[in-house]
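Per-entry structural report
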Amino acid sequence: MRCPIVLACDRRYAMPLATTLRSIVETDRSGDPFEFHVLVDGVSERIRKRILDSLPHGSASIRWIEVNLEMFRHFSTIGYISKVTYARFLIPRIFPETVPKVLYLDSDILVLDDLQALWTTDLEGNVLGAVLDGLDSQLKNQTVRLPVPRVQNYFNAGVLLIDLHQWRKAKISETALEYLKRYPGSPYSDQDALNVACDGVWKSLPSRWNYLAYNAELDVSEFAGEYKPSIVHFTTWNKPWRPGVPNANAALYDSFRSHTRFARNSMDKMESTLRIGWSRIKSFQDGRRGKSTRSEEVVDP
C-alpha cells in the first residue's frame, strides 16, 4: 500500500511543487497512482489545475488543503523561506487514525529513484526517519555561532518519514510550537523546533534519501552506484531554477521542469543564458578589483 505524500506550497513555489511532483511520478516503477496531500496558502484554482495538469493523466490525485498561517505569524523564517513551512505541524490533524505513516517532502527537491524502499523503512518505534543535516558535525565540533539548539543528532527536515501514531503520542507538534514560542527567532525555525521535539526519538536514514546540495557548483549527476542520490534537496538561496544564477544542477532540474505546464520557453532560456553570462563577467571583474562575491551558508530547512 502506497504511503501518502505530503508537501506544502504557496504561490511562489507553484512551479517547484509541480516539478517535484513530476519527478516523483517519472521515477516510479510500480505504475500505481500516487496520493498527494498539499498544504497550501494562497494558491489559486487556476494554478492548482496547472500543477495537476503537469502530471501524466491518472498518475496521481492531489488533495489541496488550505491552511491558516495566523498561528505562526510571530515566528520568523530565513528571508527566502515562506511561513507555509510551518504547515507541517498540522499534518497529524489532516489524517485519520487509520493512516499509520506519511512521507513529508519539501518542494525544492527532485526525486531521482523509486520511493518504495523509503516509505517501507521500519522506523522501529521512532517518531520519524530523517537524514542528518550538514550542521550536525558543526554542532558537535562547536563551530556553529548561531543559536541552533544543541541536540543529540541534528536532522534536516526536508524529507520526513513520519509515524503518525508516535508523533501524536509524543505530542511533537505541541512541543515544537512551545519551543518556537520561547525562541521565535530560532535561526532554522521549524527545523530547529522539530529537532528539539524529536531529540533522541528519530531514526537516521541513509543520506541518499535527502542529499543536501549546499554547493551550487556540485553536480549530482557525477555520483553513481550506492552513492547516487535518490532525493536531491536544493538548499540555500541558490536554487537551480533561479534565472541568471549559475548552478551545476540547472540542466538536471530543467529536464523535469520541461515536462510540466511550467516549462521555460525559448525566450526564458535566452534571458537566463544572458544573465548567467553577465553574472560571470561581473564576478570576474569584482575578483580583479578585490571585491568579495556573495556567499551564504544558511541551510534551507
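Structure: above.
Residues numbered from 1 in each chain as written. Predicted model: local features only at pLDDT ≥ 70, side-chain atom pairs only at ≥ 80, totals over all residues. Heavy atoms only, no water.

**Details of the overall build of the chain**
Broken down by element type, the chain carries nine helices and 10 strands. Counting only residues that meet the buried cut, the chain has 54% of its 301 residues in that class. Looking at the chain alone, contacts between residues at least 24 apart form 77% of all its contacts between residues at least 6 apart. Accessible surface, the chain: about 14800 Å² in total, of which carbon and sulfur atoms supply 51%. (Helix = DSSP H or I, 4+ residues; strand = E, 2+ residues; numbered from the N terminus. Buried < 20%, exposed > 50% of the residue type's maximum accessible area, 1.4 Å probe, protein only. Contact = heavy atoms within 4.5 Å. Areas by Shrake-Rupley, 256 points an atom, 1.4 Å probe, with all protein chains shown as cover.)

**Details of the pairing of strand S4 (residues 101-105)**
Among the five residues in S4, four count as buried, and that is most of the element. Summarising the sheet, S4 and strand S7 (residues 155-163) pair through five bridges and their orientation is antiparallel. Residue Lys101 lies in a different strand from S7, and its bridge partner there is Asp163. (Pairing = 2+ DSSP bridges.)

**Re the sheet that holds strand S5 (residues 109-111)**
Whether parallel or antiparallel, the strands of a sheet pair through hydrogen bonds between backbone atoms. With respect to topology, three strands assemble into an open sheet ordered S5-S10-S9, the strand pairing being mixed. What marks the edges here is a single partner per strand, and that holds for S5 and strand S9 (211-212). With two bridges joining them, S9 and strand S10 (residues 231-233) adopt parallel strand pairing. Residue pairing across strands places Tyr211 opposite Val232, the latter belonging to S10.

**Observations regarding the environment of Arg88**
Secondary-structure assignment places Arg88 in the loop between strand S3 (60-66) and S4. Between the C-alpha atom of Arg88 and that of Leu7, which follows or precedes it by 81 residues, the distance is 8.1 Å.

**Things to note about the sheet that holds S3**
Pairing is mixed in the open sheet, where seven strands are placed in the order S3-S2-S1-S4-S7-S6-S8. Two strands bound the open sheet, and with one partner strand each, they are S3 and strand S8 (202-204). Averaged over all pairs of adjacent strands, the angle between strand axes in this sheet comes to 30°, irrespective of strand direction. Pairing analysis gives six bridges linking strand S1 (residues 5-10) to strand S2 (residues 34-41), with the strands arranged parallel. Within the sheet, the bridge partner assigned to Leu7 lies in S2 and is Val38. Docked against the sheet, helix H1 (residues 14-26) engages S1, S2, S3 and S4, running at close to 160° with respect to S1. Where helix H2 (residues 45-52) meets the sheet, it contacts S2 and S3, and its direction lies at approximately 155° from that of S3. (Axes fitted to C-alpha atoms, helices over the stretch in contact; angles between N-to-C directions.)

**Side note on the pattern of salt bridges**
One pass over the full model with this rule turns up 17 salt bridges. Between Arg208 and Asp113 there is a salt bridge, with its nearest N and O atoms 3.9 Å apart. Of this pair, Arg208 sits in the loop between S8 and S9 while Asp113 sits in the loop between S5 and helix H3 (116-119); the two residues are 95 residues apart in sequence, bridging distant segments of the chain. Residue classification places Arg208 among the partly exposed positions, given a relative accessible area of 26%. Residue Asp113 is classed as partly exposed on the basis of its relative accessible area, which comes to 24%. One salt bridge in this structure joins Asp254 and Arg264, with 3.3 Å as the shortest N-O distance. (Salt bridge = Lys/Arg side-chain N within 4 Å of Asp/Glu carboxyl O.)

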